[in-house]
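Below are the chains, spelled out letter by letter.
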Amino acid sequence: MGLRLLHLNLHGLIRSRDLELGRDSDTGGQTLYVLELVKGLAARPEVEKVELITRLIIDRRVSADYSNPVEKISSCAEIIRLPFGPKRYVRKELLWPYLDDLADRIVQRLQKENKFPDWIHAHYADAGYVGALVSRRLGLPLVFTGHSLGREKLRRLLAAGIDHDQIEQTYSISKRIDAEELALAHSNLLVTSTKHESDEQYARYGRFSSKNVEIIPPGVDLNRFHSVDINSKDEEKELNKLFNPFLRDLNLPPLLAISRAVRRKNIPALVETYGRSSILQQRHNLILILGCREDSRQLDKQQREVFQQVFELVDKYNLYGKVAFPKQHKREQIPSIYRWAANKRGLFVNPALTEPFGLTLLEAAACGLPMVTTDDGGPRDIIARCENGLLVDVTDLEAFRDGLEIAGSSLSLWKTWSNNGVEGVSRHFSWDAHVCNYIALMQKRLKFLAPRHWALGNIKETNPIGEKIIFLDLDNYLEQSKSLSKLRNKLKNNSFNTSDIQLGILTGRSIKAARFRYAEMQLPKPSVWVCQAGTEIYYSDENKSDIFWQDSMTVDWNRKGVEKVLFDLKDYLELQSSEHQAPYKVSYLLKEPSDATLPLVRKRLRQSGLAASPHLKCHWYLDVVPLRASRAEAIRYLILRWGLSLERVLIVASQQGDAELIRGLTTSIIPLDHDASLDGLRSQQRVFFSEAEDGVLDGLKHFRFFQTH
């Protein structure tokens, strides 16, 4: 049997042909890299199956291709599109509330097929979050590639003078960084493109470990990107038509930039530099390939701003006849554009503020086009191996101008760089080399990691939790419920002892204290108890917790380390008494409720590299538990181990901190008397907000939970 591989790339605008690169900020180099990697892996004899999971989109504004649930890439590679979030296309920053749904769908799909991948490779922060949840629940090895990191983006945007609140509103930057930290904590392997990316970007994360890093530079399709083409005359005629409307003298060597129209790519700085230099204007045309557009007014806000800056700079420096920025081009024209520029002894320019790798640099080099590029990130590695151009500080416009003027001043130097680039890419950056390295390193790193699939379990064991289950919160809902007698009668009338419907209890208490308090309520006997904030599971009357859950969620747990790291936060929180503590739970009481305390504790735990996660309940009670533990994860463990369907799990949630229980594909009831913090979850699909006093009964009726199917 060959390797089975699963890749996650969630933004949605990806297909097996005619990639819409540069359409928006979600369709950049990452999209091309992931598709080429999947194609390259599928061509290898060691690989049996490659699946690429992305989002299903139904939207008249985008191609119908993105609504196709399954798209064949090759005989052993497919794009699988799963629905989550709105049907329409939305930018990736708006997908965070729906990622738990996708994680549940992927786990369900893999369980149903009963064919598990050898590893999951998650691309970007959102896929890293989903990949971490799927890896955690199924015990599958996780490979993570961030592509562009939130902490680096935040650093650059702050340095550019953008307000932190504006960054948060536009980019959901804190959610992105949280997701990256989670992915790093769960990943068995981190694939980066460059040493700089590893040492200077990932190293800023608390859960980063240099031991997990492998540097595998992306590859270039040398069948498309090459320096000589027998159709060069036809190519030249076609591209002359594309650029002729903009340029007075087509024969001048071009300064070529190809990128998305986003701030990070720093295109206005290139136009400014060109406009300030009479030498550059005499020697070169400036050609900007910034994606396709019909009407710049219909682009997203960031793209509009970039184009507006370009238009204003062209006007400011009177660059008409010297700068080309065509509205449309075809993806298949890109190799031709590189060759066209090389044939005119031009230069490729990458002015990006930050460049994790720089695939366009390799494409240009493979076509014989030398480069002048930002000295940030991946270009350093490319120049070091290919010796085909100059690194410049693109934030210093004088240094940027000097670099461009020097690079275009010597024909012999240009020829040396051109030849070096073609040879260097062929030697170091081909897709064949990339895929071979990728498979070899994965197999070496991951061969000792055996998947764990709870649903397969021990088939001789009897399912203790029934076909349907209702989870009730002992500490809050049952303690405070005014309609407990009505609930008691309803549950008794449905005879739980003979029904497939069972009760589950959620509590922060110990099992002994929980049973004592629950007995006073005269409710049916629960089949399962999730105790100590999700760190212990007990069945019925048993006194021993589920050891499989304990083993899976206590990885790298360090209770003493948690207490030590949080000891100096005495102004904000204090340890609760010993009866509220547990082996896998450290419980605190906040001295004053504050929205700032939870992020502060989370940051402190990360910086110390502890595999621990804080959970705030009812605004006052803070529990720190193992990173892989929570009430929501305990419920999913039960579902997987005993083969229960998520849709047959109903959870009553009412308090601050219960949001984790509501996300995903479980069914939830929110009583009338609930904490206001839950109101933001009204958009969740399977959540019922009751308007009646007996809210749980209202919800059970709404979902027809007692009906048999």
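To be clear, the structure that these remarks concern was listed above.
Residues numbered from 1 in each chain as written. Predicted model: local features only at pLDDT ≥ 70, side-chain atom pairs only at ≥ 80, totals over all residues. Heavy atoms only, no water.

**Quick look at the overall build of the chain**
Then step 1. A count of helices and strands for the chain gives 26 helices and 25 strands.
Then step 2. The globule rule puts the C-alpha radius of gyration for 709 residues at 27 Å, and the 29 Å found for the chain is close to it.
Then step 3. Referenced to the eigenvectors of the C-alpha coordinate spread, the extents of the chain come out at roughly 90 × 55 × 45 Å.
Then step 4. Counting the 709 residues in the chain, one finds 59% classified as buried.
Then step 5. With 98 positive and 90 negative side-chain charges, the chain shows a spacing of 2 Å between the two charge centroids. (Helix = DSSP H or I, 4+ residues; strand = E, 2+ residues; numbered from the N terminus. Rg over C-alpha atoms; globule rule 2.2 N^0.38 Å. Buried < 20%, exposed > 50% of the residue type's maximum accessible area, 1.4 Å probe, protein only. Lys, Arg positive; Asp, Glu negative; His and termini not counted. Charge placed at Lys NZ, Arg CZ, Asp CG, Glu CD.)

**Side note on the sheet that holds strand 9 (residues 254–258)**
Then step 1. Taken in spatial order, the 6 strands line up as 11-10-9-12-13-14 in an open sheet, and their pairing is parallel. The open sheet has two edge strands with one neighbour each: strand 11 (323–324) and strand 14 (389–392).
Then step 2. Both strand 10 (residues 285–289) and strand 11 contribute to a ladder of 2 bridges, which runs parallel. Bridging from a neighbouring strand, L286 pairs with V323 of strand 11. (Pairing = 2+ DSSP bridges.)

**Brief notes about unusual backbone geometry**
Then step 1. Phi at Q532 takes a positive value of approximately 50°, unusual for a residue other than glycine.
Then step 2. By the element assignment, Q532 lies in the loop between strand 17 (528–531) and strand 18 (536–539).
Then step 3. Positive phi values are uncommon outside glycine, yet R704 reaches one of about 50°.
Then step 4. Checked against the element boundaries, R704 lands in the segment after helix 26 (695–702).

**Examining the environment of I289**
Then step 1. Position of I289 relative to the elements: it lies in strand 10.
Then step 2. A sequence separation of 235 residues divides I289 from P524, and the C-alpha atoms of the two residues are 68 Å apart.
Then step 3. When residues no more than four places from it in sequence are discounted, the contact partners of I289 are F243, L256, A257, I258, S259, P326, H329, I334 and I337. (Contact = heavy atoms within 4.5 Å.)

**Some thoughts on the side chain of K468**
Then step 1. Following the sequence through the fold, K468 ends up in strand 15 (residues 468–473).
Then step 2. According to the relative accessible area criterion, K468 is buried, its value standing at 8%.

**A short note on the pairing of strand 13 (residues 371–374)**
Then step 1. Bridge analysis of strand 12 (residues 347–350) against strand 13 gives 3 bridges, and the strand direction is parallel. Considered in strand 13, the bridge of N350 is made with T373.
Then step 2. After leaving strand 12, the chain enters helix 13 (residues 359–366) and then returns to the sheet as strand 13, a path that is right-handed.
Then step 3. Here 4 bridges tie strand 13 to strand 14, and the two strands are oriented parallel to one another. Bridge pairing links V372 to L390 in strand 14.
Then step 4. Following the chain from strand 13 across helix 14 (residues 379–386) to the adjacent parallel strand 14, one finds a crossover that is right-handed. (Right-handed = clockwise from strand over helix to strand, strands pointing away.)

**Details of the environment of T54**
Then step 1. Within the secondary structure, T54 is located in strand 2 (residues 47–55).
Then step 2. Residues contacting T54, with those up to four places away along its chain left out, are N9, L10, H11, G12, I14, I79, I80, R81 and L82.
Then step 3. Of note is the side chain of T54, whose polar atom sits 3.1 Å from the backbone nitrogen of G12. (Polar contact = N/O pair within 3.5 Å; in protein donor to acceptor, adjacent residues only side chain to side chain.)

**Notes on the packing of helix 2 (residues 99–113) against helix 3 (residues 124–138)**
Then step 1. Axis separation between helix 2 and helix 3 bottoms out at 9 Å; the angle between their running directions is 45°. By the angle between their axes, helix 2 is oblique relative to helix 3. Like other packed secondary-structure pairs, helix 2 and helix 3 cross with a definite hand, here right-handed. When helix 2 is examined against helix 3, the residues L99, D100, L102, A103, D104, I106, V107, L110 and Q111 are found in contact with a partner set consisting of D126, Y129, V130, L133, V134, R137 and L138. (Axes fitted to C-alpha atoms, helices over the stretch in contact; angles between N-to-C directions. Parallel < 35°, antiparallel > 145°, perpendicular 65-115°, else oblique. Left-handed = near helix turned anticlockwise from the far one by under 90°.)

**Digging into the nonpolar core**
Then step 1. Counting residues in each nonpolar core, the largest one holds 65 residues, and the members touching the most others are F243, L256, Y338 and M442.
Then step 2. A per-element tally of this core places helix 1 (residues 29–42) first, with 8 residues.
Then step 3. Contacts of M442, omitting those with residues within four sequence positions, involve W119, V143, L189, V191, I216 and K447. (Core = buried A, V, L, I, M, F, W, Y, C linked by side-chain atoms within 4.5 Å.)

**Notes on the sheet that holds strand 15**
Then step 1. Taking strand neighbours across the sheet as the criterion, the 7 strands line up as 18-17-16-15-23-24-25 in an open arrangement whose pairing is mixed. Taken across any chain shown, the strands that pair with only one partner, and hence form the sheet edges, are strand 18 and strand 25 (687–689). Averaged over all pairs of adjacent strands, the angle between strand axes in this sheet comes to 20°, irrespective of strand direction.
Then step 2. Taken together, the 3 bridges between strand 16 (residues 501–506) and strand 17 define a ladder with parallel strand orientation. Pairing of I505 across the sheet is with W529, part of strand 17.
Then step 3. Helix-sheet contacts for helix 20 (residues 511–519) involve strand 16, strand 17 and strand 18, and the interaxial angle to strand 17 is about 125°.
Then step 4. Most of the contacts of helix 24 (residues 631–642) go to strand 18, to which it runs at about 45°, and overall it touches strand 15, strand 16, strand 17, strand 18 and strand 23 (649–652).

**Some thoughts on the packing of aromatic side chains**
Then step 1. Following the criterion strictly, the structure yields 13 aromatic pairs and no others.
Then step 2. Chaining the aromatic ring pairs together yields one cluster made of F246, F307, F311 and F325.
Then step 3. Geometry around F84 places R55 over its ring, the cationic atom sitting 5.8 Å from the centre. (Phe/Tyr/Trp six-rings, centres within 6.5 Å; stacked < 30°, edge-to-face > 60°. Lys NZ or Arg CZ within 6 Å of the ring centre and 35° of its normal.)

**Considerations on the environment of L52**
Then step 1. Examined against the element boundaries, L52 turns out to sit in strand 2.
Then step 2. Sequence separation of L52 and L6 is 46 residues, and the distance between their C-alpha atoms is 6.0 Å.

**Here we look at the pairing of strand 10**
Then step 1. For strand 10, the buried fraction is high: 5 of the 5 residues fall into the buried class.
Then step 2. Of the two faces of strand 10, the one lined by N285, I287 and I289 and the one lined by L286 and L288 are each fully buried.
Then step 3. Across 5 bridges, strand 9 lies against strand 10 in parallel orientation. The partner of L256 across the bridge, within strand 10, is I287.
Then step 4. With helix 11 (residues 301–316) bridging strand 10 and its parallel neighbour strand 11, the resulting β-α-β unit is right-handed.

Function cannot be read off these values alone, since they describe shape.
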